[in-house]
Amino acid sequence: MRYGMNEQAIPIAALLVAMASLSFVPPARAEQKTLTGTVAYDGRIPLPSDALLEVRLVDKSVPGVAPVLVARSVQPADSDPIAFKLSFDDTVILSGHRYALDARIGSATAIWFVSGDGNLLDPLSARYPAHLSVGMIARPPVAGQKDAQPDATGGGDPDADDGFDN
């Protein structure tokens, strides 16, 4: 008596293994992408030594809903313009979604400059440096001054939660 597969089962099993290996698609491997660029502000306005630049890549696909954070970079704001690098995982970018870069300059307690909403881009095909401009929404404090200066409209709440965590 013979044990094992019969002669007809061997070719069928081999065919099934071959078909299974051809239909297997390995999962997408994450690749780290980096966006580079500069952020310009009115350099005539001195920034305090603790000034920070935050650049964010956000998903703005759903109108009326706050943009979803994809990637974020925070660094000292020490020149004008300020060069930045923003790294992200390419698998988080979804086809058909709208992405934008936004930038802010401020400190842990206040934001003084912000970019506008017109910085849409395709983060996977951006092969050039991005150039963002930020406009002043509040005057940075002068060295040695404890209270925040009101902005040009007379507003400016020094107790408002304007930190970069929101």
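Everything below is about the structure shown above.
Just so we're clear, the structure is a prediction, and the values are computed from it rather than from any experiment. (Residues numbered from 1 in each chain as written. Predicted model: local features only at pLDDT ≥ 70, side-chain atom pairs only at ≥ 80, totals over all residues. Heavy atoms only, no water.)

J.: I keep staring at the side chain of Asp-102 and nothing clicks. Help me out?
T.: Topologically, Asp-102 is positioned in strand 5 (residues 99-106). Those residues within four positions of Asp-102 in sequence are excluded, and the remaining contacts are Glu-54, Val-55, Arg-56, Val-58 and Ser-115. (Helix = DSSP H or I, 4+ residues; strand = E, 2+ residues; numbered from the N terminus. Contact = heavy atoms within 4.5 Å.)

J.: Help me understand the pattern of salt bridges, please; the structure alone is not making it clear to me.
T.: When the charged atoms of two side chains lie near each other, side chains of opposite charge can form a pair. Taken as a whole, this structure holds 5 salt bridges when the rule is applied. For Glu-31, the salt bridge is made with Lys-33, and the minimal N-O distance between the two is 3.5 Å. For Glu-31, a relative accessible area of 43% gives the class partly exposed. Close ionic contact of Arg-104 with Glu-54 constitutes a salt bridge, the shortest N to O distance being 2.9 Å. One end of the pair, Arg-104, is in strand 5; the other, Glu-54, is in strand 2 (residues 52-59), with 50 residues separating them in the sequence. Here the two residues Arg-104 and Glu-54 agree in accessibility, since each one is buried. Here the salt bridges do not stand alone but share partners, grouping Glu-54, Arg-72 and Arg-104 into one network. (Salt bridge = Lys/Arg side-chain N within 4 Å of Asp/Glu carboxyl O. Buried < 20%, exposed > 50% of the residue type's maximum accessible area, 1.4 Å probe, protein only.)

J.: I tried to follow the side chain of Asp-59 on my own but got confused; where do I start?
T.: The topology assignment puts Asp-59 in strand 2. Buried within the structure, Asp-59 lacks any salt-bridge partner; its nearest side chain of opposite charge belongs to Arg-98, at an N-O separation of 7.6 Å. Here the side chain of Asp-59 touches Ser-61 through a polar contact of 2.5 Å, side chain to side chain. A polar side-chain atom of Asp-59 sits 2.6 Å from a polar atom in the side chain of His-97. Each residue touching Asp-59, except ones within four places of it in the same chain, is listed here: Pro-67, Val-68, Val-70, His-97, Arg-98 and Tyr-99. (Lys, Arg positive; Asp, Glu negative; His and termini not counted. Polar contact = N/O pair within 3.5 Å; in protein donor to acceptor, adjacent residues only side chain to side chain.)

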